[in-house]
Amino acid sequence: MDTIRAVDAKFEAQKICFAPISFQAVRALRELGVLRKISDAGDTGLTREEAAAASGLPIYGVGVLIEMALALGVLKLRADTADGPPEEEKFILGKIGWFLLEDDMTIANFNFVNDVCYQGAFKLKESVQEGKPRGLSIFGDRWATIYDALASLPHRARESWFNFDHFYSDIAFPEALPLVFETKPRRLFDIGGNTAKWAIACCAYDQDVAVTIIDLPEQIAVAQKNAAAFGTRISCYPGNILDAGTVLPPGAEVIWMSQFLDCFSPEQIGIIMGKIRAAVSPDTDVYVLEPLLDKQRFEASAYSLRAISLYFTCMANGSSKMYSFAVLNSAVENAGFKLQSARHDLGSNNYSLLRYRKIP
């Protein structure tokens, strides 16, 4: 039942109407240093004029940004200045502003949206209509998916993409490592190994393990460079796992996929798992690490995951999303696997670690 009051619903609707502009107002406050200056002033706060002078900016521009930030709760008006003339009003950092400046998750999300998704989101409607990531065209027309384009993205967009990707997966690695290495595997395959962070973490955790990274050729080039210090303990196997001619090598005791299957549709997940099934034995543990929509402890995390699905729609590939446990588990099990165990509490973002074995 929809219990929100009409007046409140109208206010929420206005927030949506002006969301793109208010987002850019916050971006300007951050990148121009105004938000930091006000934060540094602590409970004393700054007037519009003081904030402008401290930032080396015109009072007019700083003033309109501050007023928008006040409406968003990013800044708060110091109570004892509220009844004075506007020029004497002093602004302090609100709790929302603190998260925008200091919280790792918020910073990763904000930069990712601005540098990777913002302009391309204008093509969301066309992406939905055509099932293609039409927003990706802001970076050029040469690529079918963002994964093909990663090596060629502008520096800022590429950096924000990797910071975002690593934040959401790496945060669960310390808790996942003891679980994966409980059986002392000697050979592990990392499918979608990206920049080799998991492979490096594995080799640092266990001196006897050897890791093979399986990923697109463009990503393999980055992984090889990052993993060079580990010599032959980290090897690479380039290929597009969706290509009909790509066959996975045998011999893995553990298959690892971190935030990988969400990059594909359920039908594509079936294809991937079919190739894995052909390459593994019934004793091979297949681990899937994913943030699942219905296994989040905090509303902010669940909200973020739903928003990330829109990134997949308009920027990444036009066909994948963040999944619920039931949908993802069904896609894997339908390919001939059986869930052996599930942990839904890894890391501060409640990652799920699912362990499968193929059905003989």
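Residues numbered from 1 in each chain as written. Predicted model: local features only at pLDDT ≥ 70, side-chain atom pairs only at ≥ 80, totals over all residues. Heavy atoms only, no water.

## Observations concerning the nonpolar core
Ranked by size, the top nonpolar core spans 86 residues in total, and within it L188, W256, M257, L261, M273, I276 and Y311 carry the most contacts. Element by element, the count of residues in this core is highest for helix α15 (residues 299-316), at seven residues. In this structure I276 touches I191, L248, I255, M257, V286 and F337, once residues within four positions along its chain are discounted. Counting 21 residues, the second largest nonpolar core, distinct from the first, contains L29, L46, V62 and L101. (Core = buried A, V, L, I, M, F, W, Y, C linked by side-chain atoms within 4.5 Å. Buried < 20%, exposed > 50% of the residue type's maximum accessible area, 1.4 Å probe, protein only. Helix = DSSP H or I, 4+ residues; strand = E, 2+ residues; numbered from the N terminus. Contact = heavy atoms within 4.5 Å.)

## Let's talk about empty space enclosed by the protein
Inspection of the entire model under this criterion finds one cavity of 30 Å³ or more. If you trace the largest cavity, you find it lined by M105, Y168, P291, Q296, S301, S304, L305 and N349. Top contributing element to the lining of the largest cavity by residue count: α15, with three residues. Residues belonging to the lining of the largest cavity are distributed by class as follows: four nonpolar, four polar and no charged. (1 Å grid on protein atoms, 1.4 Å probe; cavity = no way out; pocket = protein on both sides within 12 Å on 5 of 7 lines; lining within 4 Å. Points joined across faces, edges and corners; volume = space filled by probe spheres on them. Nonpolar A, V, L, I, M, F, W, Y, C, P; charged D, E, K, R; others polar.)

## Some points on unusual backbone geometry
Of note in the backbone geometry, N194 takes a positive phi value of approximately 60° without being a glycine. Locating N194 in the fold gives a position in the loop between β3 (187-191) and α12 (197-205).

## Describing the pattern of salt bridges
Scanning the model with the defined rule gives 16 salt bridges in all. Note that R27 and E31 form a salt bridge whose closest N and O atoms lie 3.3 Å from each other. One end of the pair is R27 and the other is E31, both in helix α2 (residues 19-31) and four residues apart, which spans about a single turn. When the shortest N-O distance is used, the salt bridge between R156 and E31 registers 2.4 Å. Of the two residues, R156 is situated in helix α10 (residues 155-170) and E31 in helix α2; the sequence distance between them amounts to 125 residues. For R156, a relative accessible area of 39% corresponds to the partly exposed category. (Salt bridge = Lys/Arg side-chain N within 4 Å of Asp/Glu carboxyl O.)

In short, the description is geometric, and any link to function would need to be established separately.
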